[in-house]
Structures are given as structure tokens and as C-alpha cells.
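Overview (structure and organization)
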Amino acid sequence: MHVKYTVSGEIFHVSVNKSDNVYTVKINDDEMIFEYRMIDPHKMMLRSPDASYKAIVTTEPGASHVHVNHQSFKVEKIIQSKSSDFKKEHLLVDESPIITTPMPGKVLKVFVKEGDEIRTKQSLLILEAMKMENNITAPRDGIVKRINFSEGDLVEAGQTLIELE
Amino acid sequence: MHVKYTVSGEIFHVSVNKSDNVYTVKINDDEMIFEYRMIDPHKMMLRSPDASYKAIVTTEPGASHVHVNHQSFKVEKIIQSKSSDFKKEHLLVDESPIITTPMPGKVLKVFVKEGDEIRTKQSLLILEAMKMENNITAPRDGIVKRINFSEGDLVEAGQTLIELE
Amino acid sequence: MIKKILIANRGEIAVRVINACRELGIQSVAVYSEVDHNALHVLMADEAYEIGPANAAASYLNIDRMIDIARKTGVDAIHPGYGFLAENPLFVERCEQEDLIFIGPGSKAMMLVGDKIRSRVTVAKAGVPVIPGMTQPLVSVEDLMKNADQLGYPVLLKASAGGGGKGMRIVQKKADLAAALESAKREAMAAFGDDSVYLEKYMSSPRHVEIQILADQHGHMVYLGERECSIQRRHQKIIEESPSTALTPELRAQMGETALKVVQATGYTNAGTVEFLIDRNNDFYFLEVNARLQVEHPVTEMVSGIDLVKQQIRIASGELLDLKQNEIVSRGHAIECRIYAEDPEQNFLPSTGRIVYLQQPSGPWVRNDSSLFPGLDISIHYDPILAKLIVWGETRDDAIARLIAAIDDYVILGVKHQLPFLKDVVNHKDFREGRTSTDFIESHYHDWKPVHGLKKIAVAAAVIQEMNAEHDFPQRQRQRDLYNPWTQLGYWELV
Amino acid sequence: MIKKILIANRGEIAVRVINACRELGIQSVAVYSEVDHNALHVLMADEAYEIGPANAAASYLNIDRMIDIARKTGVDAIHPGYGFLAENPLFVERCEQEDLIFIGPGSKAMMLVGDKIRSRVTVAKAGVPVIPGMTQPLVSVEDLMKNADQLGYPVLLKASAGGGGKGMRIVQKKADLAAALESAKREAMAAFGDDSVYLEKYMSSPRHVEIQILADQHGHMVYLGERECSIQRRHQKIIEESPSTALTPELRAQMGETALKVVQATGYTNAGTVEFLIDRNNDFYFLEVNARLQVEHPVTEMVSGIDLVKQQIRIASGELLDLKQNEIVSRGHAIECRIYAEDPEQNFLPSTGRIVYLQQPSGPWVRNDSSLFPGLDISIHYDPILAKLIVWGETRDDAIARLIAAIDDYVILGVKHQLPFLKDVVNHKDFREGRTSTDFIESHYHDWKPVHGLKKIAVAAAVIQEMNAEHDFPQRQRQRDLYNPWTQLGYWELV
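**Structural notes on the overall build of chain C**
Looking only at helices and strands, one finds 17 helices and 23 strands in chain C. By the compact-globule yardstick of 23 Å for 495 residues, chain C fits well, its C-alpha radius of gyration being 24 Å. Seen through its C-alpha atoms, chain C measures out along the principal axes to roughly 85 × 55 × 50 Å. Among the 495 residues that make up chain C, the fraction classed as buried is 61%. For chain C, long-range pairs separated by at least 24 residues make up 65% of all intrachain contacts whose partners lie at least 6 apart in sequence. Element-wise, carbon and sulfur atoms account for 50% of the exposed surface of chain C, whose accessible area totals about 18000 Å². The positive charge centre, built from 53 side chains, and the negative charge centre, built from 66, are 1 Å apart in chain C.

As C-alpha cells, this is what we get:
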């Protein structure tokens, strides 16, 4: 059984082996070997046969924030055994039937109603956040099954706004 | 029974009382009342009826490093129950019979020998540290009872160099 | 001289002003909303007072409360920073009534330059070139249609009380006018409490070049060279530099003199910025006056060696401006980039979160104006600006190389930001060669996504860190050979 | 142009040089001793190699190993920083033999200026005023006595190969000569591997003013103004500034021209510093040439806007120096202070320890050249310099105010340092009024001790922190009402 991680919507199947100071990390059938050295509790040097990397890692429950060679990532762990996380995984695949809020904010306008047929990139609603109006567009084609919020509502990041059929 | 702390050789007898967010700290018969607020795990604001302070505190076993309103201190705890700490307390009083190394280094020259009578500020030895010659002088008058090191020896900070009668 | 100042702001600009106060021996008073009680400006000021809840309308925009704290703390003056109350003429008026020095222009000048339409009319009369457009606010959709037809599409819909791109809409064709109007008015009302809008001819591919001015209360005024701020996203400046690659010494002097005309015509005092657009023929047009210290003021400070905040305070104290026009010399090249809490993967939508790791760049000629610290929550309540990174170099190429190195040194984890985007922009051939215009981002980066070539390495680093963290729990049995993160998870949730 | 550079140094200067390489697009190679494997310069360089054990003689001073790594990594050039091999003519010669560019003067010039006696004779012949003293190294104690008598006491005993105050002794009277000689020779041998010493007339209360020069390999040379470095402890500079309060424009030009005479007479190339003493009549005397980038080079960089490290690299690449004397303009005022790991309570003896907390200052016109990080061990092995804090201001007063604010912002816990002393010095009335001389510290701060008015508050803060830490262990019973640290100790030792 493998463990899954996600980074910006992409899923990675991971298994790891350690002997001495060498990690063998298998990610999606790609096997990589790393020597490592900790610099401080958050900084490490990783050396693979091809290249070396400077990484900064901080962890919080369920996720790590990682900075590698000037790129930043949030590495999230997918936990399939709990129902709440099942939903999370759903979000990552393109056929997700759920449109969630990308950030907390206030719903100013909703342009669609239940039953509407929508097209990719069509404006769905305007969300005000940090004093800016932000146009939320459809990530794919579909039919609006359910709208969970009304104009004027305050929403949290990650909440389900619109369910598609 | 009180707990003792030392800061740069000065001894402080401390007892503390806490109720809600207010600490009553009694130091050497001087009672002080502090409200406090933690800013982060190391930073705090302290407010007494007269003044407020910004403090940064880091702890290590037996001691804290404290920065208060642009002054830095090492606050050490005196543990009297152990013999090793008994000696430590001795160092703090003016009549200490022991002259210790203030820093690690190499003994280049020793100017005195056992039995010598010495005067305050008299040169005792030259200690080389960080590429500089440092002149170690007598902290008080006395007679040299024992010299624990020879020229050329490497010494650690806090080691007893010379014992006085 | 002023002895004590209330800083009616938060974030990096509050820190900047407190720093200046400290160096001038002036006492500083900070204010903070409930969510800001551990903020850097609170720790740095000599005194700090809570001003209300997170919602800015009830705290940083609360004039009564601000005046109340000013009275209670006995300050002589209020520095508004930028944003919030900085360009609110009612606040300036109130300060004048309460006999508090407002560090900025007087209320009349503020009222005039804050009204984009009136100021256009006023400076045009003084012989300053303005962009063709309406000379009255919009009264109806019909009015709008008529004016737009006269100007010819595309047209630009702007908030009369505006600034910072809020309430601004480019309208390409008649059919879009009504929707744009509604949205612009709503945004203008939310941002400025005033939904007046007007129309201007939309200029295609202009450069945005602005002149920094200082004017004392005794009629003496100087200009401190220009800043080019053409690199914008959603009408928000993201990269600013001085000097501009578009200006000759002659054009610079001409624009400087024109800026001083604007200052004279509007009776403006203290530090201010006169914004212009430059078209492809190097003709320039008055855009508006920014009646405050600008976000991008460090660019001018680095090339001129003049501390604008200190000058603001001295001018507000009634001192004579001690600068002579012919002694103001620009040296080298400075570039600023603004780091925003935005998610480049989600079309640069604002992002929130807690900063879990922070490494800020430093080094010779690197300046980082920031109020960040590890543990800081970037909330929905305020502008998404995280920090400003400014560098100086002997030449523009030196400055670009230094900026790229400094961006590489910057690490912010826990909240999404656009540093990789900024790096891409300053690395762009057209930017390097000085071919900039306000549609630069739109035309070169229509659908920019971060390159994430190291996702797998990131996953590996996270897993290795997890396994190392496991070593901190020697009392628990570890499965050393085949690593199974399912057992690891238990520790993780315990920590 | 050079493509790849080995930096034969550590600490802040290695970081400084790596930064310059990065901005020039040059690959950097770091070396590190065993104890430095996690140092900042190691992390920043493109490649890093261990060079030997902690002891500098076996690592950073190991010429064979250094050349070996240079060969292996295929660098074009070596930057020596300051200290270590920076002024070792044997190393320069070896680089020349190995066809590696040494970023500094050629070996012949290095040999000449490194010999304090020969260089005195050489520049005196060129018409440069020198301090009265010996023109041959000392051969015997009798020789010494005779020369001292001729010069008249006090006299100054100096290492011929010297620098940084090592091997230097002021001798007030005949009786002290022999002891001073022995100690000076021993220190000189340990520091430079050469125990030749000589005598100079000791000047009382002079100012130390030095001229920064740049000279390319094609005969073109310029001076970049002066630095005054009169504020010294144990012959170690601790505060440096530019401009000097002692110089008029005429004297500046005269000293600059004299410095170029020295450069010409010695055949010196690359960046260098010509040191002078100025007496109370404003007469100046050649002291020595520092054949390297100086510790205090940032002071010149901040007022001139010229990046000295980049210029060094360009000159070493064989490029023409692109600076004209009349275009070099000094703007405003810069001050540097050196932060040393020294214990002011123990007569400024060097201090060691681990940095357990670190907050470094930043802000407009504040530069902090440092390689510090939390967790860094300050060991006995290397120079006790922790960091350099440099500020720039429009005026000297501005710079002083800014420096004091920046010192207040600096927090280093875990190792003793003299920041409070530095603050006291720049706050001193005589310093503020520009009355500086090399005996400033001795005469004003003979027995300085830190003011520790907050000891009790510090104890209280420590105790409160202990009690708060206790809250992190809810599973253990706490004694809430009467706090007894004896029970607390248990937790502490467990953590």
C-alpha cells in the first residue's frame, strides 16, 4: 500500500526506503536516490546522483511547505480512510463535481442559477476579498446542480460553493 | 526556601506568585508586579505599574538568555544541592579562592608560581584566543596556592587555572 | 519641530514611518485592530493602542476613534501612510479642526486633487496636457454612451475618487458599457464611499511615468526625478523603477516643470506624485495627483539619497524645504517589486494563510520594506501586499541582476505569493531592454503559470523531513527499512 | 571576463564576495573547515569543498590544499577576502605560477607593500611624508634601545609583516622595551610567521585616515575618497566613517594624490588602501598600504555608489577601469561599526558560544554584512568579528541617529558582544562633534562597564518564561499558587 501526496492538484504515489544516510524515494514509478544533510531543523541539502538541492521544509498537520531551489510548494498528504479527506481527493481530479472558494471572502454577485448549463471560463460569481473584486470562473463545462451560498454571504476558503451534475 | 539566580556575578533570591495573567515576582525583598503578553515563543511584553518592557528569552538547561530593552543578560540558576554547583556559587563572591579561564584558549605564558603573593590587576598569564594575546590579571590580592596548567596547555572556558589561599 | 506622531496605518508603511520618527527623535504612537495586536508596527512604536475590530471601516478608517487616540496620547501630528485615511479630505479637515498636523497636503488641495474630474479641469487651465475625456461626472447610462461614442472605443471608466486601480474598467465596445459601469460603481463605492465615475479616452500601450515632488508651506517646491511604473497587473503597479528608460534629460526636465505647474495650480503642499502617461511619440499627459507618500517612494529615495518621510515631517512642521532643484542628482538605478499574497496558479487571486517560514533578503544595496514575521496571519481584511523589495545598482543591468539574486534569496512559506512571476518579468528580454508599457503583463504574460519542475523533489524533501522528525521520538518504535508513512501519520497528528 | 572564482575565506567577507559573483553571473566555489560545514558561505556558493580541520593553519591558510581545490574545480581566479592568505606574497606567487588569477595586486607589489620597512623607504623616496622611524629591521635589543633613544619616547614597536594591530606595542619608557619586544615578536610570529619588528616614533592623538584606491593593470588609477578609522581598541578599528570630519576638500585632494603616488611607486594594482596618520596640525604621514579589500570597504561603497568587489573582479579580469577621477562623487555620510564576540565585563576578552537568538537590523540605508544565523557556534579558532553594521545618512547626524536605532534593533543572544559599548561610543559628545583620535577609546573609556540597570527585570522575564514553558506540559501537575522553581527544574532538564 502506497501513500499519496498532492502538490497543486497533482497526485504522487510515494514509498520510501532508508539505509544509513541514503533515502531511496519511489514516486510514481520514478525511483530517486538521495543523500541528505540537515543544516538546521528546517533546512537540508539533498544530493542525488545528478544534482543537488537545497530544501526548506516546515510541517503542519497533514501538510508540508517546501522550498526547493527557489520554488515553493505545499505538499499535502491524502488520507483516504476518513470521509472528509475523501472529498479532498475529489477536488484534485478534473471531473470534480464541486466548485470551491479559492479564498475567504464575500459573495458579491452570483451569475448562475441551479439548472444552468455552464462553459469552461464562464463567470460564475464575484467574490470580494482583500478589497478587490475577483471573478470566479468555471473550471470545466457542466450543469449547475446546487448553489450553496447567496449574494452577501461570507465564505471560507475551501467551502463548496457550487455543485455540478 | 528560595531559588537563586545569578546574572554577571550578582545573586538574586527569587520567589514567584501567579494569578491570572499577573505575576508577582519577589527578588531580593523587592516585590514587582507584571502583566505579560507573549508575542511569539520567545518574545514577551511585560508591564509593571511604572514601566513596560520588551523581553526576548531563550532557555537552555540551567540558564536563560534574556534581552530586555536593548540590554542582554545570561540568567543562570544556582543549584545548591549538587556539589558541582556549590563551586559555581563560590565563584560569584569576591573572596573566591579560584581564578578560572574567562574563555577557551592556549596558555602562552605564566608569570607567577606557587607561593607568590599577588596584587589586584597584576598580570598572571597570557592566554591566546581568537588570534589575540589576552592578558589575564588578578581579580584580588592573595597568595598562589596551586597552578593547574603549564605554558602551552589548551584550556576550556570556566576551568580553574589558579587557586589562591 | 513635531514631537510626537500618531501613525494612522499598519504594515510595512507604519514600520517605515516609525523608523523615521525614531531617527528624528520623535515619539511614535501606533494603532492596531484586534487582529494586529502582535504586529511589527505595534512592537516598534513607543506606544500602541487598539483601535477596533479587524474590519477596516471600524478601525483603521474610523476617524472619530483615530482623533480620540491622537487627543489622548497628546500627539502633535498624524501620519496617514498610504491607503486607509491617507487621501480622505474629511479626515484632513477634521485634523485641521482639531488643531492636529496632518502630514500631507491641506484639506482644500486634497479635496481638489482627490476629485479626478475637477483636478483635470484645473490643471488643463494651467496649460498641462490632459487625456481627452469628460469634464463632468457621469449622470446616466445615456450620458455615458454619448461620451464614449464621442471619444471612440476603447474607453476607460474611472472612479472620480479613485486610486490604486479600484473602480477602473477598460471598455472595448458599447455592449460592455452597462455591465462595466455597474461593477465600477460598486467597487468605487466599496473602496472610497463614493460611486462617481467618469470616462477617459483609453490610451493603448502607454508608459506610466510619475514625478515625485516636495512642496513646503512657503511656496518652495522641487521635483525629485521620475519613477516608471508601467509594469502593472489589474491596474496595480507591481514593478517600479527610476530612472525611466523612456526619458531624455530634456523630457525629464519638461515633465518635472509640468509637475510643479500642477502643484502650483492645485495649491498642493508636502510630498506628492504627479502621474503621467507617455504615448509612443513621447508626448505626455497628466493622469492624476497621488496626494500621499507612494508605495514606490523607496525607488526615488535610493537614487536621490533623500529621505522622503523625513522631508514630509519637516515640511509638516512648517520648516523651509532645504533642497535646491539643481542640487538634486539622481545616481544609478533603482527598481522595486511588490510582493503580493496572490496565487499565481489561480489567476493571481488573493491568498491568505499563516507565514510558517520566512527568509528575507539583505545585502549591499538591497532594501526590503516589510512587516513580515514568522507566525503572521495574512488575513482577508487588508490589502494583499506582503513586502516591497527594492534594489539599487550602478546601472540598470546591475540593478536587475541584484533584484533577481534577492528574489532568489526570498523564502515565504505558508501563503501563496508571486515572487516567481516577478522574477520572470524582470528577466524578460523586453523588460531588460527597457521596452515597457502598461499592457506589458497582459501582452507577455496572458496566461502565466509557475514552472514547477521540482514537484517530485519537493515531495521527496517532505517525506525525508517526516522521517527525520520521527527520530525526535526515540521512545516509539520505528520501522526503519520499509518506510510506511501510515505509521508516521500518528506522530504527526500528535505533535 | 572571469567565469568561476574560488573564495579562499569564510564568514561575512566570503558571503559578500559570493553575492558579487552571483550578480556578475560568475560561478562561485566555497571552501570550509570541518567546523564550518554548515556556514552561510557554504550554502550560498555554487560549489563547496572541505579544506581541512578547524585550525586555520591546516585549512584556510593551507596553500597547497587551496590550489588543489582551485585546480579540481577549474576556477579562473581566487578571491582571498581579507585576513588568512589575503596578503601572503607566497600565495600570490603560487597563483601566478599555477596560472590562476589572484584577485589583488601582483606578488612583487604585495611583497613590497607587505614589508613595512621597505615600503616606507620606497614611498619616502617618491616624496611621500612618512613617520620618523627605522629604515632597517631590528637586529638586537641594543639596536632597539639606540633607535628608541634617538626617536624619543614613546615609541611604537611594529611587526614588519604586520596588519590589524597584531604584533604592535606602544612603549612608554626604556624599562618596558625588552618585554614589549619579546611579546611583539611572539605575536608577530604567530600571526604572520615572521617575527621581524621595527620602531617608529609614536604619534600622540593622531587621526587615522585612509584613502581607498583602485588601479587597473593598464596604468589607470583613481582614489575614492577617505575613511576615518580613528576609533580603535587594542589597535583594532571598531568604528569607521566617510567622510572624515578632519578633511577639507583641499586636504582630501592632496591626500588622494599622495595615495596615487604610493600606488605608482609600489607598482600596486587592484583595490587597495593607503593608510595615513594626521596630526593636530593636519599634517599627514604615510602609515602603510593594506593590500586587500578592507573590512571597512562598505563605508566607501555607500558614499561613492561604487561596488568595490565588482571593480576588483573586473580589474583582475584585465578590464580597463571605467571610472574617471572627476566623476567620483561622495554623497552623504556612512558609518560602520564592527561587532565583535567580546565580553565587555571581562575587559573585552574574546568570547565564544552558540548564537541562540538572532535579530538583525534592516531598513532604509541600513546594511548589515554578516554571516550569522541562529545555531552558529562562535569558536576560538577564528577572528572574533561577528558582523559589520553600516548605515548611510544625508548628514553625519542622520547617520549617527540611524546607527543608534539599528544597534537598538540588533539582538544577539548566546555569545557576549560589545554592541552596548559601540552605542555608547557613537553617542559620545566628542564623537558626535567629530573630535576623534586613535586614543579616543583609551581616554574616554578607560574602564567601561555595561550599564545593567535591568538585571532584575531580566530575572523576572526568565522566571515568567519558565512558568509559561510549563504550560506546554499539561500532563504534569503544576503548583500554581506559590511558584517553586525547584519543581520546574525537572521539566527544564527534560526538555
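So, next bit.
**Some thoughts on the pairing of strand β8 (residues 197-201) of chain D**
Residues and elements named next belong to chain D. With respect to burial, β8 is a largely interior element, 4 of its 5 residues being buried. Here 5 bridges tie strand β6 (residues 155-159) to β8, and the two strands are oriented antiparallel to one another. Counterpart to Leu 156 in the pairing with β8 is Glu 200.

**Section: the domain arrangement of chain A**
According to the domain assignment, chain A consists of domain 1 (2-89) and domain 2 (98-164). Relative to domain 2 of chain A, the C-alpha centre of domain 1 of chain A lies at a distance of 32 Å.

**Focus on the interface of chain C and chain A**
Each side of the interface is counted separately: chain C has 61 residues, and chain A has 65 residues. When chain C packs against chain A, close to 5700 Å² is buried across both sides, 66% of that on carbon and sulfur atoms. Remark: the boundary between chain C and chain A carries 4 salt bridges. One salt bridge connects Glu 466 of chain C with Lys 77 of chain A, and the closest N-O pair in it is separated by 2.9 Å. Where chain C packs against chain A, one counts 10 residue pairs in polar contact (both at pLDDT 80 or more).

**Some remarks on the sheet that holds strand β5 (residues 101-102) of chain D**
Across a sheet, strands are paired by hydrogen bonds formed along the backbone, either parallel or antiparallel in direction. Strand order across the open sheet formed by 5 strands is β3-β2-β1-β4-β5 (chain D), with parallel pairing between neighbours. The open sheet has two free edges, formed respectively by β3 (47-52) and β5 of chain D, since each of these has just one partner strand.

**Let's talk about the sheet that holds strand β9 (residues 98-100) of chain A**
All names here are of chain A. Judged by pairing direction, the sheet is antiparallel, and its 4 strands sit side by side in the order β9-β16-β14-β11 without closing on themselves. This sheet does not close on itself; its edge strands, each paired only once, are β9 and β11 (117-118). Where β11 and strand β14 (residues 142-147) come together, 2 bridges link them in antiparallel fashion. Bridged to Glu 117 within β14 is Ile 143.

**Digging into the interface of chain D and chain B**
If you look at the interface, chain D gives 62 residues, while chain B gives 65 residues. Approximately 5700 Å² of surface area, both sides summed, lies buried where chain D meets chain B, with 67% of it carried by carbon and sulfur atoms. The interface formed by chain D and chain B holds 10 residue pairs in polar contact (both at pLDDT 80 or more) in total. Where the side of chain D that touches chain B is concerned, the elements lending two or more residues are α8 (177-192), β16 (349-350), β18 (357-359), β22 (411-413), α16 (455-470), β23 (482-483) and α17 (485-494) of chain D. Here the residues of the side of chain D that touches chain B sort into 31 nonpolar, 15 polar and 16 charged.

**Things to note about the domain arrangement of chain C**
In terms of domain boundaries, chain C breaks down into domain 1 (4-103), domain 2 (132-201), domain 3 (207-444) and domain 4 (454-489). Look at where the C-alpha atoms of domain 3 of chain C and domain 4 of chain C centre, and you get two points 45 Å apart.

**Comments concerning the confidence of the model for chain C**
Considering every residue of chain C, the mean pLDDT works out to 91; 94% of them sit at 70 or more. The ipTM value of the predicted complex is 0.83, and its pTM value is 0.86.

**Here's the deal with the side chain of Asn 147 of chain D**
Residue and element names in this part refer to chain D. Within the secondary structure layout, Asn 147 lies in helix α7 (residues 141-151). Classification of Asn 147 as buried rests on a relative accessible area of 14%. Ignoring anything within four residues of it in the chain, the contact list for Asn 147 reads Met 134 and Leu 199.

**So, the pairing of strand β10 (residues 221-233) of chain C**
Residues and elements named next belong to chain C. Burial analysis of β10 places 13 of its 13 residues in the buried class, which makes it a mostly covered element. Inspection of the sheet shows β10 paired to strand β11 (residues 236-242) by 4 bridges, in the antiparallel sense. Residue pairing in the sheet places Gln 232 in a bridge with Lys 237 of β11. Hairpin connection between β10 and β11: a loop of 2 residues separates the two successive antiparallel strands, and Arg 234 in this loop has a positive phi of roughly 50 degrees.

**With respect to helix α3 (residues 63-73) of chain D**
Residue and element names in this part refer to chain D. Residues of α3 that are buried include every one of Ile 63, Met 66, Ile 67, Ile 69, Ala 70 and Thr 73, and no others. All buried residues of α3 fall inside an arc of 160 degrees around its axis, so they share one side. Exposed side of α3, more than 90 degrees from the buried face: Asp 64 and Lys 72 are the residues found there. The secondary structure elements touched by the buried residues of α3 are β1 (4-7), β2 (27-33), β3, β4 (77-79) and α4 (89-97). Here α3 starts with a cap whose side-chain oxygen sits 3.3 Å from the backbone nitrogen of Asp 64, and that cap is Asn 62. The first or second residue beyond α3 is Gly 74, which carries a positive phi of 70 degrees.

**Side note on the packing of α3 of chain D against α4 of chain D**
Relative orientation and spacing of two packed helices are given, respectively, by the angle between their axes and the distance between those axes. Residues and elements named next belong to chain D. Where α3 contacts α4, the two axes come as close as 11 Å, and the packing angle between them is 30 degrees. Between α3 and α4, the crossing angle belongs to the class labelled roughly parallel. Of the two possible hands of crossing, α3 and α4 adopt the one that is right-handed. Residues Ile 63, Asp 64, Met 66 and Ile 67 of α3 form the contact with α4, whose participating residues are Leu 90, Phe 91, Arg 94 and Cys 95. Of the residues assigned to the contact of α3 with α4, the class counts are 6 nonpolar, no polar and 2 charged.

**What about the state of the cysteines?**
All names here are of chain D. Tallying each qualifying case throughout the model produces 0 disulfides over all chains. Lacking any disulfide linkage, Cys 95 is separated from the closest cysteine sulfur, that of Cys 21, by 15 Å. Its relative accessible area of 0% is what places Cys 95 among the buried residues. In this structure Cys 229 is not part of a disulfide, and its nearest cysteine sulfur, from Cys 337, lies 13 Å away.

**Considering the pattern of salt bridges**
Residues and elements named next belong to chain D. If you walk through the whole model with that rule in mind, you get 98 salt bridges over all chains. Ionic pairing is found between Glu 288 and Lys 116, a salt bridge with its closest N-O pair at 3.7 Å. A residue pair is termed long-range when its members are at least 10 positions apart, and Glu 288 in strand β13 (residues 284-290) and Lys 116 in helix α6 (residues 116-125) qualify at 172 residues. By relative accessible area, which is 2% here, Lys 116 ends up buried. Of the charged contacts in the structure, one is a salt bridge between Arg 435 and Glu 433, with a shortest N-O distance of 2.8 Å. Judged by relative accessible area, which is 41%, Arg 435 ranks as partly exposed. On the basis of relative accessibility, which here comes to 43%, the residue Glu 433 falls in the partly exposed class.

Calculation criteria
- Residues numbered from 1 in each chain as written.
- Chains lettered and ligands numbered in written order.
- Predicted model: local features only at pLDDT ≥ 70, side-chain atom pairs only at ≥ 80, totals over all residues.
- Heavy atoms only, no water.
- Helix = DSSP H or I, 4+ residues; strand = E, 2+ residues; numbered from the N terminus.
- Rg over C-alpha atoms; globule rule 2.2 N^0.38 Å.
- Buried < 20%, exposed > 50% of the residue type's maximum accessible area, 1.4 Å probe, protein only.
- Contact = heavy atoms within 4.5 Å.
- Areas by Shrake-Rupley, 256 points an atom, 1.4 Å probe, with all protein chains shown as cover.
- Lys, Arg positive; Asp, Glu negative; His and termini not counted.
- Charge placed at Lys NZ, Arg CZ, Asp CG, Glu CD.
- Pairing = 2+ DSSP bridges.
- Domains from an automatic or database assignment.
- Buried area = accessible area lost by both parts, 1.4 Å probe.
- Salt bridge = Lys/Arg side-chain N within 4 Å of Asp/Glu carboxyl O.
- Polar contact = N/O pair within 3.5 Å; in protein donor to acceptor, adjacent residues only side chain to side chain.
- Nonpolar A, V, L, I, M, F, W, Y, C, P; charged D, E, K, R; others polar.
- pLDDT = per-residue confidence, 0-100.
- Arc of directions from axis to C-beta.
- Axes fitted to C-alpha atoms, helices over the stretch in contact; angles between N-to-C directions.
- Parallel < 35°, antiparallel > 145°, perpendicular 65-115°, else oblique.
- Left-handed = near helix turned anticlockwise from the far one by under 90°.
- Disulfide = S-S within 2.5 Å.

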